[in-house]
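Spelled out, the chains give:
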Amino acid sequence: MKAIIIDDEKRARINLALLLEEYCPNVEIVAECENLPSGVKAIRKHRPNVVFLDIEMPGHSGLELLDFFDDDDVNFAIIFTTAYNEYAVRAFKFSAIDYLLKPIVPEELQDALKRAEKQQELSGNYKILKENLASGKLDKIAVPSGSSLIFIDADKILYIKGEGAYSEITMIDGSKHIVSRNLKSFEEILCLSADFFRAHKSYIVNMAYVNAYKKADGGSLLLTQNISIPLSPDRVQSIFEKIKMIKR
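All of these numbers come straight from a predicted model, not from anything done at the bench.

**Thoughts on the pairing of strand 3 (residues 50-54)**
Line of reasoning, step 1. Most of strand 3 is tucked away, with five of its five residues classed as buried.
Line of reasoning, step 2. The two faces of strand 3 match: V50, F52 and D54 on one face and V51 and L53 on the other face are all buried.
Line of reasoning, step 3. Bridging between strand 1 (residues 2-6) and strand 3 involves four bridges; their strand directions are parallel. Directly across from I4, in strand 3, lies its bridge partner V51.
Line of reasoning, step 4. When strand 3 meets strand 4 (residues 77-82), the two strands line up parallel, connected through five bridges. Its bridge partner being in strand 4, V51 is matched across the sheet by I78.

**Remarks on the pattern of salt bridges**
Line of reasoning, step 1. Inspection of the entire model under this criterion finds six salt bridges.
Line of reasoning, step 2. Between E187 and R198 there is a salt bridge, and its shortest N-O distance comes to 2.7 Å. With E187 in helix 6 (residues 183-190) and R198 in strand 11 (residues 196-200), the pair connects residues that are eleven residues apart, well separated along the chain.
Line of reasoning, step 3. Take E187: its relative accessible area is 22%, and that puts it in the partly exposed class.
Line of reasoning, step 4. Via salt bridges that share partners, D7, D54 and K102 belong to a single interconnected network.

**Brief notes about the sheet that holds strand 12 (residues 203-206)**
Adjacent strands of a sheet form backbone hydrogen bonds with each other and so pair up, either parallel or antiparallel.
Line of reasoning, step 1. Ordered in space as 10-9-8-12-11, the five strands form an open sheet in which the pairing is antiparallel. The open sheet has two edge strands with one neighbour each: strand 10 (176-179) and strand 11. Put simply, the sheet's adjacent strands are angled 20° from each other on average, direction ignored.
Line of reasoning, step 2. Two elements, strand 8 (residues 157-163) and strand 12, share three bridges in a ladder whose sense is antiparallel. Its bridge partner being in strand 12, Y159 is matched across the sheet by V205.

**Some details on the sheet that holds strand 13 (residues 210-214)**
Line of reasoning, step 1. Read across the sheet, three strands follow the order 13-14-15 without closing on themselves; strand pairing throughout is antiparallel. The open sheet has two free edges, formed respectively by strand 13 and strand 15 (227-230), since each of these has just one partner strand. Each neighbouring strand pair of the sheet contributes to a mean axis angle of 25°, computed without reference to strand direction.
Line of reasoning, step 2. As paired strands, strand 14 (residues 220-223) and strand 15 are joined by four bridges and run antiparallel to one another. What sits directly across from S220, in strand 15, is P230.

**Thoughts on the packing of aromatic side chains**
Line of reasoning, step 1. Going through the model one piece at a time under the given rule, you end up with two aromatic pairs.
Line of reasoning, step 2. Ring geometry for Y159 against Y203: centres 6.1 Å apart, planes inclined by 50°, an arrangement best described as tilted. On the criterion of sequence distance, the pair formed by Y159 in strand 8 and Y203 in strand 12 is long-range, its members being 44 residues apart. Neither Y159 nor Y203 differs from the other in exposure class; each is buried.
Line of reasoning, step 3. Sitting over the ring of F69, R44 keeps its end group 5.1 Å from the ring centre.

**A closer look at the side chain of D7**
Line of reasoning, step 1. Along the chain, the position of D7 falls in the loop between strand 1 and helix 1 (10-23).
Line of reasoning, step 2. Judged by its relative accessible area of 3%, D7 is buried.
Line of reasoning, step 3. Among the polar contacts listed, one links the side chain of D7 to the side chain of K102, at a separation of 2.8 Å.
Line of reasoning, step 4. Apart from residues no more than four positions distant in its own chain, D7 is found in contact with A12, R13, C33, E34, D54, M57, T81 and K102.

**A few points about the pairing of strand 4**
Line of reasoning, step 1. Across the six residues of strand 4, six count as buried, placing the element largely inside the fold.
Line of reasoning, step 2. Neither face of strand 4 is exposed, since A77, I79 and T81 on one face and I78, F80 and T82 on the opposite face are all buried.
Line of reasoning, step 3. As judged from the three bridges shared by strand 4 and strand 5 (residues 99-101), these two strands associate in the parallel manner. When the sheet's bridge partners are listed, T81 is paired in strand 5 with L100.

**Some details on the nonpolar core**
Line of reasoning, step 1. By size, the foremost hydrophobic cluster in this structure holds 22 residues, and its most contacted members are I4, I6, I43, L53, L65 and F76.
Line of reasoning, step 2. Looking at this core, the elements that each hand over two or more residues are strand 1, strand 2 (28-33), helix 2 (36-46), strand 3 and strand 4.
Line of reasoning, step 3. Take this core: its biggest share by element is four residues, from helix 2.
Line of reasoning, step 4. Sequence-distant contacts of I4, defined by excluding residues within four places in its chain, comprise V30, A31, C33, A42, I43, H46, P48, V50, V51 and F52.
Line of reasoning, step 5. Core analysis: the next-biggest nonpolar cluster, separate from the first, contains 18 residues, L19, I104, L109 and A112 among them.

About the thresholds
- Residues numbered from 1 in each chain as written.
- Predicted model: local features only at pLDDT ≥ 70, side-chain atom pairs only at ≥ 80, totals over all residues.
- Heavy atoms only, no water.
- Buried < 20%, exposed > 50% of the residue type's maximum accessible area, 1.4 Å probe, protein only.
- Helix = DSSP H or I, 4+ residues; strand = E, 2+ residues; numbered from the N terminus.
- Pairing = 2+ DSSP bridges.
- Salt bridge = Lys/Arg side-chain N within 4 Å of Asp/Glu carboxyl O.
- Axes fitted to C-alpha atoms, helices over the stretch in contact; angles between N-to-C directions.
- Phe/Tyr/Trp six-rings, centres within 6.5 Å; stacked < 30°, edge-to-face > 60°.
- Lys NZ or Arg CZ within 6 Å of the ring centre and 35° of its normal.
- Polar contact = N/O pair within 3.5 Å; in protein donor to acceptor, adjacent residues only side chain to side chain.
- Contact = heavy atoms within 4.5 Å.
- Core = buried A, V, L, I, M, F, W, Y, C linked by side-chain atoms within 4.5 Å.

See the structure below:
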């Protein structure tokens with residue numbers, strides 16, 4: 001597997017190269033670049049299988065790499081290396097894009113490379129990532145469905161129901177998506193914001209569509225379209241913290 005490292009920090013390039021040499025002997029580093037323009041030239045020259053790309057570099061963001069290529073030319077996997085904040089990490093997860101947090105952990109590097117070997121064309125995912133990071137709001141989410149990925153507007157999700165290793169996403173227009181991702185993975189990326197809430201072991205709801213809390217039958221949330229979602233007893237206090245209560 002041919003790899004290119006693009007990072008403006010020499011120490012970061014050296015550290016990654018050493019990790020690859022020790023833990024990923026099947027990877028051949030064909031170029032190390034300190035900025036985006038030289039990285040673009042190296043990609044065109046060497047045609048790598050994978051590019052390790054730092055996001056925050058002087059002059060150019062790593063995300064601008066795709067601006068230099070047509071969609072058909074992006075036939076290499078990108079693994080972003082970043083020391084970004086929590087919001088950006090959520091944006092990576094939303095977009096189904098691989099990333100490594102600095103300092104890089106060898107086991108995570110190995111896992112990312114295994115995924116890169118199986119990776120299909122991801123230009124759509126990179127576009128979603130760029131839009132999410134630029135807007136400052138996580139607008140779209142990329143989720144696996146069969147042999148493909150679908151892009152969903154997060155604010156149009158009504159609720160998500162977990163079914164073992166799968167989840168059913170119900171949209172505000174009534175359409176549904178069965179995706180091969182468990183509910184815990186959605187909780188990790190959606191429920192860090194105030195927009196979504198894990199109401200039950202089997203349900204995540206979009207708080208924008210919660211109209212009422214009902215105490216009867218152990219407690220439930222009434223959503224738009226008169227849909228009732230069970231609320232776990234241990235989540236009652238949390239829902240009160242989510243909603244501004246109007247005192248009588």
